[in-house]
Amino acid sequence: MKIQENRTFSQLEVGDEAQLTRLCTVDDLYAFASASGDHNPLHLAAYDGDGDGHPEAVAPALWPAGLVAAVLGNILPGAGTQTRAANLRFHAIVLAGDELTAVVRVTEKSDDGDVICTAEVRRVGDSTLVLSGDVRVTPPAKHMEFDSIEVPGLIVQRHRHFEALLAKARPLDPMPTAVVAPEEPNSLGGALLGYSNSIITPILVGDPGKIAAAAEALGADLSGFEIIEAYGHQAAAHRAVDLVVEGRAQTLMKGHLHTDDLLRAVLRRENGLRTERRLSHIFVMDVPGMSRPIMVTDAAVNIAPDLETKADIVQNAIHLAHSIGIETPKVGVLSAIETINPRMASSVDAALLSKMAERGQITGGLVDGPLAMDNAVDLNAARTKGITSEVAGAADILVAPNIEAGNMVAKQLTFISHAEAAGIVVGAAAPIILTSRSDDDDSRLASCAVAALHAYASKGKLHG
């Protein structure tokens, strides 16, 4: 916030008034809880703090009181002000999403050099009185001016984009999912997590003895789950694909087997799940501080894709973006530079993909490239480079030039930026949930949700 010129005792007059307006967000409440140590679940959007069946996100009373403090410290009297006493009354609750205006007015200048101010906070729109009272402050002793005050920015490590995807997936009928070789605790646990959240209905395909041992290690009861006997990873993969071909399952989920074994079964020529497009892997990533989910492709299937394969990778990603609710996804095709250099093949491919989209060979989204990572996701970086584009600085989808770059981008976002990543393979007749042993529960659950949303959308079952 810009700090204005402050006022000393002699410069203040009775009747002086100042105000500021601030929107209360869910992230504000998490930041307040972290800073204050007040973890009352009533104030946090993820919890039902009063048992009425609905999460509240009610701001603590001291949050609107903090707006009064902001007026006093920033504007009137301003920098250097010290609060001596406050008598505040709270009249109405504040919810995340409410916009508030705090007003401070000087009512008395006391002989001891203090100033008495009235304070009130009202909700913007209906003028509901939220807070009223009076505050005694000591104004600054010295007149000062500040151009600005630098305060480190805060990023709340909350994965709100995944929360929204889960909220969208839970009302759907659980998706029948063939889980291939869930023969150790991590892979079985991911399937059971999706089941417990009513997102998938697992059909467990593999060695029944190994599946039972994994369940015992988890303390899980598998009574009521369908277990289809298949010994060996290749046999389990082919039997799971059979279930999709037969219509008994609508998604696949990778268990404790190598990805190549699963994809060989998917791509078999007889009764496989091939379509007219190449398979590609997509990470849907929830990066704290980003206003939107970020999709990264391809980081797990296509090692060094040619132009034709990249066109399929882009089209697959656009279709998945539609499935999770991005109406017109913006696709940034990455290279090391944002200009075309014939000696850098990735920059040429990026330009060609952009032109293909312009000519209708890739549909459903806006495609631009080449873009470097910075000007694909950061608007200021794009403006600094003089790039005028609907995609630059606002990309929803990042298309990597090869598997190494895609994997590095995704891992950096995960382990440096604290992102959660949902991973699926698309381009087959059914989405494939592809999780890693290092994935936590949030990533596994989000992968199930993304796959279910894509399966429903692909079959025309998902609307709105």
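Here goes a summary of the coordinates provided. All values derive from a computational prediction rather than experimental measurement.

### Quick look at the side chain of Glu-183
You can see Glu-183 is positioned in the loop between β6 (175-180) and α4 (185-196). For the buried Glu-183, no salt bridge is present, and the opposite-charge side chain at shortest range is Lys-210, 4.5 Å distant. Engagement of the side chain of Glu-183 in a polar contact is seen with the backbone nitrogen of Asp-207, the distance being 2.8 Å. Those residues in contact with Glu-183 that sit more than four places away from it in its chain are Gly-206, Asp-207, Lys-210, Ile-211, Ala-214, Ala-230, His-233 and His-256.

### A few points about the environment of Pro-329
Topologically, Pro-329 is positioned in the loop between α8 (307-323) and β12 (330-334). Each C-alpha atom, one on Pro-329 and one on Ser-417, is 22 Å from the other, the two residues being 88 residues apart in sequence. Discounting chain neighbours no more than four positions away, the residues touching Pro-329 are Ile-318, Ala-321, His-322, Gly-364, Gly-365, Leu-366, Asp-396 and Ile-397.

### Side note on a nonpolar patch on the surface
Together, Phe-146, Ile-149 and Val-151 make up an exposed nonpolar region whose accessible area comes to about 250 Å². By secondary structure assignment, the location of Val-151 is in the loop between β5 (129-138) and α3 (160-169).

### A short note on the packing of α8 against helix α9 (residues 345-358)
Orientation of α8 relative to α9, taken along the N-to-C sense of each, is 55°, at an axis distance of 10 Å. Taken together, the axes of α8 and α9 are oblique relative to one another. As α8 runs across α9, the sense of the crossing is right-handed. Side by side, α8 and α9 meet where Leu-307, Lys-310, Ala-311 and Val-314 of the first sit next to Ser-346, Asp-349, Leu-352, Leu-353 and Met-356 of the second.

### What about the packing of aromatic side chains?
By the definition in use, this model includes 1 aromatic pair. A ring pair is formed by Tyr-195 and Phe-225, whose centres lie 4.7 Å apart and whose planes are at 65°; its orientation type is edge-to-face. In this pair, Tyr-195 sits in helix α4 while Phe-225 sits in the loop between α5 (208-218) and β8 (226-229), placing the two residues 30 residues apart along the sequence. On the accessibility criterion, Tyr-195 (44% relative accessible area) is partly exposed. In this structure Phe-225 comes out as buried when scored by relative accessible area, which is 17%. Against the face of Phe-9 rests Lys-109, its NZ or CZ located 4.5 Å from the ring centre.

### Considerations on unusual backbone geometry
The omega torsion of the bond from Leu-76 to Pro-77 falls at 0°, within 30 degrees of zero and hence cis. Structurally, Pro-77 can be placed in the loop between α2 (62-74) and β2 (82-90). The backbone phi angle of Ser-127 is positive, close to 60°, even though this residue is not glycine. Within the secondary structure layout, Ser-127 lies in the loop between β4 (115-123) and β5. The partly exposed category is assigned to Ser-127, whose relative accessible area is 45%. Positive phi values are uncommon outside glycine, yet Ala-181 reaches one of about 55°. One can find Ala-181 in the loop between β6 and α4.

### Structural notes on the sheet that holds β4
With respect to topology, 5 strands assemble into an open sheet ordered β1-β3-β4-β5-β2, the strand pairing being antiparallel. The sheet is open, and its two edges are formed by β1 (17-23) and β2, each paired on a single side. Averaged over all pairs of adjacent strands, the angle between their axes in this sheet comes to 20°, without regard to strand direction. Here 7 bridges tie β1 to strand β3 (residues 99-109), and the two strands are oriented antiparallel to one another. By the bridge assignment, Leu-20 is partnered in β3 with Ala-102. Contacts from α2 reach β1, β2, β3, β4 and β5, with the element oriented near 55° to β3.

What counts as what
- Residues numbered from 1 in each chain as written.
- Predicted model: local features only at pLDDT ≥ 70, side-chain atom pairs only at ≥ 80, totals over all residues.
- Heavy atoms only, no water.
- Helix = DSSP H or I, 4+ residues; strand = E, 2+ residues; numbered from the N terminus.
- Buried < 20%, exposed > 50% of the residue type's maximum accessible area, 1.4 Å probe, protein only.
- Lys, Arg positive; Asp, Glu negative; His and termini not counted.
- Salt bridge = Lys/Arg side-chain N within 4 Å of Asp/Glu carboxyl O.
- Polar contact = N/O pair within 3.5 Å; in protein donor to acceptor, adjacent residues only side chain to side chain.
- Contact = heavy atoms within 4.5 Å.
- Patch = residues over 30% accessible without salt bridge, like charges linked within 9 Å, V, L, I, M, F, W, Y side chains within 5 Å.
- Areas by Shrake-Rupley, 256 points an atom, 1.4 Å probe, with all protein chains shown as cover.
- Axes fitted to C-alpha atoms, helices over the stretch in contact; angles between N-to-C directions.
- Parallel < 35°, antiparallel > 145°, perpendicular 65-115°, else oblique.
- Left-handed = near helix turned anticlockwise from the far one by under 90°.
- Phe/Tyr/Trp six-rings, centres within 6.5 Å; stacked < 30°, edge-to-face > 60°.
- Lys NZ or Arg CZ within 6 Å of the ring centre and 35° of its normal.
- Pairing = 2+ DSSP bridges.

Don't take any of this as a statement about function, it's just geometry.
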